[in-house]
Amino acid sequence: MIEVRELTVKFKRFVAVDDVSLSVAADETVGLVGESGSGKTTVARAIVGLQRPDSGTITLDGVRLGPVARRPKARQRAIQMVFQDPRSSLNPLMSVASIINEAWRTHPDSAPTGDRTMAVHRLLEDVGLDPSVARHRADELSGGQCQRVSIARALAVKPRLLVCDEAVSALDVSVQAQILRLLVDLRRRHRLSMLFISHDLGVVHQIADRIAVMRGGVLVEEGPATEVLGSPRHDYTRSLLDAALELNTHHGEVGK
Amino acid sequence: MRRIPYVVLAIYALVGGLGPLFIDYNPVRASLEDRLRGPGSQVSTGIAWLGTDGLGRDVLAQVVYGARTSVVIGLATVVVSCVIGVAIGTVAGYFRGWLDTVLARGIDILLAFPAILLTIVIAGAFERSVLVVVTALSATAWISFARVTRGIALSTRERAWVQAARVLGVPRISILVRHILPFTAGPVVALATLEFALVVLAEAGLSFLGIGLPNSAVSWGQTIANGKQYLATAWWISALPGIALSLLIVNIGILGDQLTARYGQRGRRS
């Protein structure tokens with residue numbers, strides 16, 4: 001469905017992403033793993049159109065995607081993103097209801113017919129929030145609630161691909177497991193493709209069908225999750241795996 | 001103690017707003033037998049509580065009408081320069097690129113002139129009128145608004161909620177108005193009070209120099225200038241409007257500092 005080919009992004013003379021090719025098929029979740037500074041966030045920003053590539057192409061259903069502001073409406077909403085910092089993901093001065101409504105105002109095609117207030121409540125319930133949250137301002141919510149609202153805002157426009165950039169990293173461990181479980185559940189119900197970016201292999205293995213490993217802007221390994229985790233070919237993957245196994249005792253296991 | 005500036009400013013607003021309704025004053029009517037009377041003396045029109053000036057005009061009336069002039073000119077200039085400065089600052093900070101470079105360098109060039117010099121040049125080049133004074137004062141006052149809001153826009157545009165709005169495809173103008181502009185409000189309000197004080201002072205300065213408001217308007221600057229030749233014999237003509245002016249400036253300054261302490265910091269963080 002979405003295909004990244006030979007993507008290169010430079011910041012001045014620093015090569016952040018070097019010749020990365022990656023694809024996400026329909027209904028598939030791809031985990032993109034790497035330490036901070038490995039270029040994984042830049043790949044995500046290029047896919048959603050926030051970062052202009054220096055070379056390489058990003059295509060959706062075989063059609064090339066430009067910067068987000070130049071994309072046609074339907075293709076704009078096809079790819080949505082959930083950001084790392086839950087608190088700054090939402091405008092702290094806006095109510096949850098107006099945040100969701102902004103998405104529908106921008107993409108009337110995806111807006112529900114009938115009562116918007118009821119639709120907001122349904123959407124919030126869909127991400128496991130109490131409908132009363134709609135009235136609250138974003139700065140009154142907890143980190144986990146913020147992240148659920150972020151997910152709701154992304155789902156409001158019925159995307160096909162959800163890019164989660166370290167979406168659970170800033171949350172504490174028990175909330176992390178809840179959000180992860182929610183994402184697993186949502187992608188099944190909404191038939192979402194997902195690009196799940198994390199530095200934590202232990203988190204990625206709970207959700208990803210395929211795993212791609214990045215280091216220093218280069219894709220070092222890619223394959224089905226079981227293969228990458230079971231018999232990593234690259235030393236770097238192995239060291240990530242060891243680090244994750246050490247931490248894994250702290251994580252609640254989430255069924256896929 | 002923290003309420004004092006609010007109380008003082010409320011008194012000025014009240015005197016400036018309602019005073020002219022109760023005190024009748026015509027700046028071009030001179031009464032030569034009443035000239036240079038001290039505070040509290042009996043004159044042909046009643047008691048001159050604050051004395052009279054060299055043309056026999058009531059000083060109390062001039063202080064009251066001058067308060068109205070200062071507040072009106074100050075508000076008009078702050079509103080004009082605030083709107084212009086905030087618009088330019090947010091646009092430059094949000095869009096960056098060549099637009100920002102042009103605006104930022106333009107501001108640098110303007111800052112190279114002493115503000116009062118530029119104001120004097122503009123005010124002196126045209127016929128004296130309220131419009132010219134407001135324009136001349138706004139010509140430099142917008143710069144601080146632009147600089148403050150540009151900084152806020154530059155940092156706010158990197159926040160995830162702005163990025164999320166861009167990914168969503170929210171039109172750029174809505175992003176500016178809804179996701180950037182509200183975060184400039186606190187610092188802008190704090191700055192507006194400080195600018196108001198500077199503007200009132202600058203207007204008095206222009207009028208003192210005789211290139212500010214026309215003679216038909218009453219301005220503290222003019223009254224102070226009218227009294228300067230009588231400083232030794234009739235101190236009240238210059239001193240009383242001068243006290244009214246300094247009291248206003250000092251209190252706005254204190255209020256501005258209070259607001260900066262409360263909103264300036266938070267605006268930069270959130």
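This text gives an overview of the structure that appears in the document. (Residues numbered from 1 in each chain as written. Chains lettered and ligands numbered in written order. Predicted model: local features only at pLDDT ≥ 70, side-chain atom pairs only at ≥ 80, totals over all residues. Heavy atoms only, no water.)

A few words on the sheet that holds strand E4 (residues 55-60) of chain A. All names here are of chain A. Here we have 4 strands laid out as an open sheet, ordered E2-E1-E4-E5, and antiparallel in their pairing. Edge positions in the open sheet fall to strand E2 (14-24) and strand E5 (63-64), since each of these has one partner strand only. Relative to E2, strand E1 (residues 2-11) runs antiparallel, the two sharing 7 bridges. Paired with Val4 across the strands is Leu22, a residue of E2. Here helix H1 (residues 40-48) sits on the sheet in contact with E1, E2 and E4, set at roughly 115° to E1. (Pairing = 2+ DSSP bridges. Helix = DSSP H or I, 4+ residues; strand = E, 2+ residues; numbered from the N terminus. Contact = heavy atoms within 4.5 Å. Axes fitted to C-alpha atoms, helices over the stretch in contact; angles between N-to-C directions.)

The terminal C-alpha atoms of helix H1 (residues 4-22) of chain B, which comprises 19 residues, lie 26 Å apart, in line with the 27 Å expected from a rise of 1.5 Å per residue. By the burial criterion, the buried members of H1(B) are B:Pro5, B:Val8, B:Leu9, B:Tyr12, B:Gly16, B:Gly19 and B:Pro20. (Expected span 1.5 Å × (residues − 1). Buried < 20%, exposed > 50% of the residue type's maximum accessible area, 1.4 Å probe, protein only.)

Turning our attention to the pattern of salt bridges. Taken as a whole and assessed by the stated rule, the structure comprises 19 salt bridges over all chains. With a closest N to O distance of 3.1 Å, B:Asp108 and B:Arg105 form a salt bridge. Taken together, the residues span about one helical turn, with B:Asp108 and B:Arg105 both in helix H3 (residues 97-112) at a distance of 3 residues. One network of salt bridges, in which partners are shared, links A:Asp126, A:Asp185, A:Arg188 and A:Arg189. (Salt bridge = Lys/Arg side-chain N within 4 Å of Asp/Glu carboxyl O.)

What follows covers the packing of aromatic side chains. Remark: the centre distance and the inter-plane angle together describe each pair of aromatic rings, the angle taken between the planes. Residues and elements named next belong to chain B. Going through the model one piece at a time under the given rule, you end up with 5 aromatic pairs over all chains. Centre to centre, the rings of Tyr94 and Phe95 are 5.1 Å apart; their planes meet at 75°, and the pair counts as edge-to-face. Classification of Tyr94 by relative accessible area gives buried; the value is 5%. We classify Phe95 as partly exposed; its relative accessible area is 32%. Lying across the ring of Tyr94, Arg157 places its NZ or CZ 5.4 Å from the centre. Residue placement shows Lys228 over the ring face of Phe208; its charged tip is 5.4 Å from the ring centre. (Phe/Tyr/Trp six-rings, centres within 6.5 Å; stacked < 30°, edge-to-face > 60°. Lys NZ or Arg CZ within 6 Å of the ring centre and 35° of its normal.)

Residues and elements named next belong to chain A. In spatial order, the strands read E6-E7-E8-E3-E9-E10; together these 6 strands make up an open sheet with mixed pairing. One side of each edge strand has no neighbouring strand; the edge strands of this open sheet are strand E6 (79-82) and strand E10 (218-224). The average undirected angle you get between the axes of adjacent strands in this sheet is 15°. As paired strands, strand E7 (residues 161-165) and strand E8 (residues 193-198) are joined by 5 bridges and run parallel to one another. Paired with Cys164 across the strands is Phe196, a residue of E8. Each of strand E3 (29-33), E7 and E8 touches helix H7 (residues 173-189); the most contacted strand, E8, lies at about 160° to it.

Taken together, the 24 residues of chain A in the interface contact 15 residues of chain B. Counting across the chain A and chain B interface gives 1 salt bridge. Salt-bridge contacts for A:Glu102 lead to B:Arg178; the nearest nitrogen and oxygen are separated by 2.3 Å. Seen at the junction of chain A and chain B, the total is 7 residue pairs in polar contact (both at pLDDT 80 or more). A per-element tally of the side of chain A that touches chain B places helix H4 (residues 96-106) of chain A first, with 4 residues. Of the residues contributing to the side of chain A that touches chain B, the split by class is 12 nonpolar, 7 polar and 5 charged. (Polar contact = N/O pair within 3.5 Å; in protein donor to acceptor, adjacent residues only side chain to side chain. Nonpolar A, V, L, I, M, F, W, Y, C, P; charged D, E, K, R; others polar.)

We now examine the environment of A:Asp130. All names here are of chain A. If you trace the backbone, Asp130 turns up in the loop between helix H5 (116-126) and helix H6 (143-156). Counting along the chain gives 15 residues from Asp130 to Gln145, while the straight-line C-alpha distance between them is 9.8 Å. At 2.6 Å, the side chain of Asp130 forms a polar contact with the side chain of Ser132.

Here we come to a nonpolar patch on the surface. All names here are of chain B. On the surface, Ile109, Phe113, Ile116, Leu117 and Val121 cluster together into a nonpolar patch covering about 480 Å² of accessible area. No other element matches helix H4 (residues 115-125), which puts 3 residues into the nonpolar patch. Relative to the assigned elements, Ile116 resides in helix H4. Ile116 sits in the partly exposed class, given a relative accessible area of 45%. (Patch = residues over 30% accessible without salt bridge, like charges linked within 9 Å, V, L, I, M, F, W, Y side chains within 5 Å. Areas by Shrake-Rupley, 256 points an atom, 1.4 Å probe, with all protein chains shown as cover.)

So, about the state of the cysteines. Evaluation of the coordinates by the stated rule reveals 0 disulfides over all chains. Not engaged in a disulfide, the cysteine A:Cys146 finds its nearest cysteine sulfur in A:Cys164; these two sulfurs lie 16 Å apart. (Disulfide = S-S within 2.5 Å.)

All names here are of chain B. At a minimum axis distance of 8 Å, the contact between H1 and helix H2 (residues 59-95) shows a crossing angle of 125°. Judged by the angle between their axes, H1 and H2 are oblique. In this structure, H1 meets H2 at a crossing whose hand is left-handed. Note on element contacts: H2 touches H1 through Val64, Tyr65, Ala67 and Arg68, opposite Val15, Gly16, Gly19 and Pro20. Residues belonging to the contact of H1 with H2 are distributed by class as follows: 5 nonpolar, 2 polar and 1 charged. (Parallel < 35°, antiparallel > 145°, perpendicular 65-115°, else oblique. Left-handed = near helix turned anticlockwise from the far one by under 90°.)

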